[in-house]
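# Inside the fold
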Amino acid sequence: MMKTAYCVILMPVVMIGAMMLQDPVAAQTAKKSDAELETMRQVMIDKGIAYLRTQQLASGSFSTHPRSGIGPTAVATVGLLKVGVAPDDPMVKKAIDYLMTFAKESGAFASPGEQIVNYETCVVMLALSLANNGGVYDDIIKRADAFMRGQQYTEANGHSPGDPNYGGVGYGGDGRADLSNTEFLIEALRITSKGADDPAIQKALVFVSRCQNFESEHNESPKVLKNPDGGFYYTAANGGESPAGETADGGLRSYGSMTYAGFKSLIYAGLTPSDPRYRAAVSWLQKHYDLESNPGMGQRGLFYYYQMMGKTLAVTGWDSFVSEDGVEHDWRAELIQMFSMRQREDGSWVNAERLWMEGDPNLVTGYVLMVLGECKKEVGTTGK
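Before going into details, it helps to say that this report is about the structure given with it. It should be emphasised that the depicted structure is a prediction, and the values quoted were computed from it without experimental measurement.

Once that is clear, we can look at the overall build of the chain. For the chain, the count of helices and strands is 13 helices and two strands. For the chain, buried positions account for 59% of its 384 residues. Of all intrachain contacts in the chain linking residues separated by at least 6 positions in sequence, the fraction that spans at least 24 positions is 66%. Approximately 15600 Å² of the chain is accessible, and the part contributed by carbon and sulfur atoms is 54%.

Written out as structure tokens, the structure reads:
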């Protein structure tokens, strides 16, 4: 695994006043040793776990409202497992037992109504894979994997490569693929596949490429020409949509959470720096490195952005990341300190901007624990 700072070759790096441009979190990072950062991380984790213990319902659910479905419970369970809570811990076992009550004969996991069945199935697959000691969930995961492959828009269910939805998935039953669900699909497929060459992952790459503001043989949408910045937007279906809005001439604006989602998907599909799609994505992320907002979206979806950022940078293997201004960011250290400043007295995290259920502290705390699980630093290393 590569342990280095990253800066794209052939892409200009602005060096003017680099150190003065560091944000407050980055500036504090140099004052903390790896041992101090690890202590800070573990204290946050312990408080977050203790908080979730107080929030679990008798049913095993962490959902604060019945209409939110099983997603928050699955996310919280993944977060707990990511930070080392054992599968046989009573809290985790109770949550998994609850999730198992939503297993369908089809292999899916879904709340009543099955409106977001693909998302829920993928996140439950991630939870079960982390709790799968001794292969106890092997058969269940395989059935869920088969269900998800059947949900993907491919030739098997009447979609040709020319279809804008091709290779992707949506929430389920809505007839529209999106990058968020497709990213979860790719991550779930990695559990059972042999890697990037999995045909389902390569078909998903077609859809992912169509959601990138980068003109190539993989994306010939006229909207790309209006904003070819290398970032990603929500969906290429229905002519293309981005909650970040459009440019003055009708281009789709890229934004942070989807650009990390798209970039991670490119990596999982086997792309390397030799591919221009990979380089374009990194260039966008260098220009928009930010821990205070979800670039392009402000505070909307902020904690979803954090979990996507942390998971993606962990997948790269980079211990540091060089932003366009020339600053080398120890991203783990910066995330640890930022989360420390945002943790509430009761041990939870929450977004004041409630869009996409981020007013639910159980869901948001699950997101943060996911990231903190990726932020463990080996004591005594430089972090570079």
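Once that is clear, we can look at the environment of Arg67. You can see Arg67 is positioned in the loop between α2 (34-55) and α3 (71-82). Residue classification places Arg67 among the exposed positions, given a relative accessible area of 78%.

Mapped onto the elements, Arg210 comes out in helix α8 (residues 199-210). Between the C-alpha atoms of Arg210 and Gly240, which are 30 residues apart in sequence, the distance is 9.1 Å. Beyond its immediate sequence surroundings of up to four residues, Arg210 is in contact with Pro161, Gly162, Asp163, Pro164, Tyr166, His218, Asn219, Tyr233 and Ala236.

Secondary-structure assignment places Asn219 in the loop between α8 and α9 (256-268). When the C-alpha atoms of Asn219 and Val206 are compared, they prove to be 8.7 Å apart, with 13 residues separating the residues in sequence. Leaving out residues up to four positions away in the same chain, Asn219 has contacts with Ser209, Arg210, Cys211, Gln212, Phe214, Val224 and Tyr233. Within polar-contact distance, the side chain of Asn219 engages the backbone oxygen of Arg210 at 3.1 Å.

Below, the discussion takes up the packing of helix α7 (residues 179-192) against α8. Between two packed helices, the angle of one axis relative to the other and the distance separating the axes together describe the packing. Close contact between α7 and α8 brings their axes to 10 Å; oriented N to C, the two are set at 160°. The orientation of α7 relative to α8 falls into the category roughly antiparallel. Crossing hand, α7 versus α8: left-handed. Taken together, the residues of α8 that come into contact with α7 (itself represented by Leu179, Thr182, Ile186, Leu189 and Arg190) are Ala200, Ile201, Ala204, Phe207 and Val208. Tallied by class, the residues present in the contact of α7 with α8 amount to eight nonpolar, one polar and one charged.

The final tally for this structure, using the stated rule, is twelve aromatic pairs. Residues Tyr98 and Phe102 carry aromatic rings whose centres are separated by 5.1 Å and whose planes lie at 70° to one another, so their mutual orientation is edge-to-face. In this structure Tyr98 comes out as buried when scored by relative accessible area, which is 14%. Ring geometry for Trp318 and Phe321: centres 5.8 Å apart, planes at 20°, overall stacked. A relative accessible area of 0% means that Trp318 is categorised as buried. Looking at Phe321, the relative accessible area reads 2%, which means it is buried. Members of the aromatic cluster, joined through ring pairs, are Tyr260, Phe303, Tyr305, Tyr306, Phe339 and Trp349.

About the criteria used
Residues numbered from 1 in each chain as written. Predicted model: local features only at pLDDT ≥ 70, side-chain atom pairs only at ≥ 80, totals over all residues. Heavy atoms only, no water. Helix = DSSP H or I, 4+ residues; strand = E, 2+ residues; numbered from the N terminus. Buried < 20%, exposed > 50% of the residue type's maximum accessible area, 1.4 Å probe, protein only. Contact = heavy atoms within 4.5 Å. Areas by Shrake-Rupley, 256 points an atom, 1.4 Å probe, with all protein chains shown as cover. Polar contact = N/O pair within 3.5 Å; in protein donor to acceptor, adjacent residues only side chain to side chain. Axes fitted to C-alpha atoms, helices over the stretch in contact; angles between N-to-C directions. Parallel < 35°, antiparallel > 145°, perpendicular 65-115°, else oblique. Left-handed = near helix turned anticlockwise from the far one by under 90°. Nonpolar A, V, L, I, M, F, W, Y, C, P; charged D, E, K, R; others polar. Phe/Tyr/Trp six-rings, centres within 6.5 Å; stacked < 30°, edge-to-face > 60°.

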